[in-house]
Amino acid sequence: MGSGDPYGLTGSTLTAEDRLLAAADVYHALVEPKPDRPEQPAAVAAGMLRQEARAGRLDGDAVAAVRAADGHGAPALRDFPAGLTRREAEVLKLLARGHPNKEIARRLVLSPKTVSNHLERVYSKLQVSSRAAATLYATQHGLVGAYEPE
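Here the structure is a predicted model, which is why all the values come from computation and not from measurement. (Residues numbered from 1 in each chain as written. Predicted model: local features only at pLDDT ≥ 70, side-chain atom pairs only at ≥ 80, totals over all residues. Heavy atoms only, no water.)

Caption draft 1: Examining the overall build of the protein more closely. Regarding its fold elements, the protein presents seven helices and zero strands. Secondary structure elements of the protein occur, N-terminal to C-terminal, as α-α-α-α-α-α-α. Across the 150 residues that make up the protein, the buried fraction comes to 32%. Long-range pairs, those at least 24 residues apart, make up 55% of the contacts in the protein between residues at least 6 apart in sequence. For the protein, the accessible surface area stands at approximately 8,700 Å², while carbon and sulfur atoms represent 55% of it. (Helix = DSSP H or I, 4+ residues; strand = E, 2+ residues; numbered from the N terminus. Buried < 20%, exposed > 50% of the residue type's maximum accessible area, 1.4 Å probe, protein only. Contact = heavy atoms within 4.5 Å. Areas by Shrake-Rupley, 256 points an atom, 1.4 Å probe, with all protein chains shown as cover.)

Caption draft 2: Molecular detail of the nonpolar core. Leu84, Leu92, Leu95, Ile104, Leu126 and Ala134 are the most contacted members of the largest nonpolar core, which totals 22 residues. At the level of secondary structure, the elements contributing two or more residues to this core comprise α4 (86-96), α5 (101-108), α6 (112-126) and α7 (131-140). Ranked by residues supplied to this core, first place goes to α4 with six residues. Leave out the neighbours within four places in its chain, and Ile104 touches Val91, Leu94, Leu95, His99, Val115 and Arg131. Leu49, Ala53, Val63 and Val66 belong to the second largest nonpolar core, which has eleven residues in total. (Core = buried A, V, L, I, M, F, W, Y, C linked by side-chain atoms within 4.5 Å.)

Caption draft 3: Quick peek at the pattern of salt bridges. Per the stated rule, a full pass over the model turns up seven salt bridges. Measuring nitrogen to oxygen at the nearest pair gives 3.7 Å for the salt bridge that ties Asp59 to Arg19. Here the residue Asp59 occupies a position in the loop between α2 (42-54) and α3 (60-69), and Arg19 occupies one in helix α1 (residues 16-31), the gap between them amounting to 40 residues. A relative accessible area of 15% places Asp59 in the buried class. (Salt bridge = Lys/Arg side-chain N within 4 Å of Asp/Glu carboxyl O.)

Caption draft 4: Region of the structure containing unusual backbone geometry. The phi dihedral of Ala82 is positive, around 60°, even though this residue is not glycine. At Val109, a position not held by glycine, the phi torsion is positive, near 55°. Looking at where Val109 falls in the secondary structure, it is placed in the loop between α5 and α6.

Caption draft 5: A look at the confidence of the model for the protein. Across the protein, the average pLDDT comes to 83, with 84% of residues at or above 70. Between the elements of the protein, mean pLDDT differs from a low of 84, seen in α3, to a high of 95, seen in α6. (pLDDT = per-residue confidence, 0-100.)

Caption draft 6: Examining α1 more closely. With 16 residues, α1 ought to run about 22 Å at 1.5 Å a step, and its terminal C-alpha atoms sit 23 Å apart, in line with that. Inspection of α1 places Arg19, Ala23, Tyr27 and Leu30 among the buried residues, and these make up the whole buried set. Considered in projection along α1, the buried side chains sweep an arc of 70° and stay on one side of the axis. What points out from α1, more than 90 degrees from its buried face, is the exposed set Glu17, Leu21 and Asp25. Lining the buried residues of α1 we find α2 and α3. (Expected span 1.5 Å × (residues − 1). Arc of directions from axis to C-beta.)

Caption draft 7: A look at the packing of α4 against α5. As a packed pair, α4 and α5 sit with axes 10 Å apart at the nearest point and diverge in direction by 130°. Between α4 and α5, the crossing angle belongs to the class labelled oblique. When you trace α4 past α5, the crossing you get is right-handed. Between α4 and α5, the residues in contact are Arg87, Glu90, Val91, Leu94 and Leu95 and Ile104, Arg107 and Leu108, respectively. Here the contact of α4 with α5 is built from residues that sort into five nonpolar, no polar and three charged. (Axes fitted to C-alpha atoms, helices over the stretch in contact; angles between N-to-C directions. Parallel < 35°, antiparallel > 145°, perpendicular 65-115°, else oblique. Left-handed = near helix turned anticlockwise from the far one by under 90°. Nonpolar A, V, L, I, M, F, W, Y, C, P; charged D, E, K, R; others polar.)

Quick look at the structure:
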C-alpha cells in the first residue's frame, strides 16, 4: 500500500468525504484482482484497513464506515493512530483544544496526575515532546477539526 496522498496532502487538509473516499478506494483496490496478485478476501481486506487506521494512514471513522457498508460491522472500538487508546485520544483532543491539565482532568473526571500519566504515554507514542507538537499531530491525523463545538 502507498504511504500517502499522491499530491502530498495531509490529514488536516482532507474533508471527511475525502477521508471516506480514501478508505473506500483502498478497500476496493484490495478486493479486486490485480495483474500481479489475486483479490484479497473481504475479511482480510477489512483487517488490512484497520491496520492502516492504526498506523495513522487512514481515518478510523472512515474505515469503520467502509467496513460497515460491506457487512463487516463497525468495530467495537475506533482505531486511533499511533496505537493510542480511546482515553489517550480523549486527553489529546482536549489538549489540542488548549485545555490545561487540570481542566482536562475535570472534564474527564480524572485526577491531574492521571492526565499527566496519559500525556506521557501520548507523547511517547507520537514521538513528540511538547504540547504544540502533540496538537499538530492531532490536527494532521483528524483527531480534532478546525472547529468542534464542545
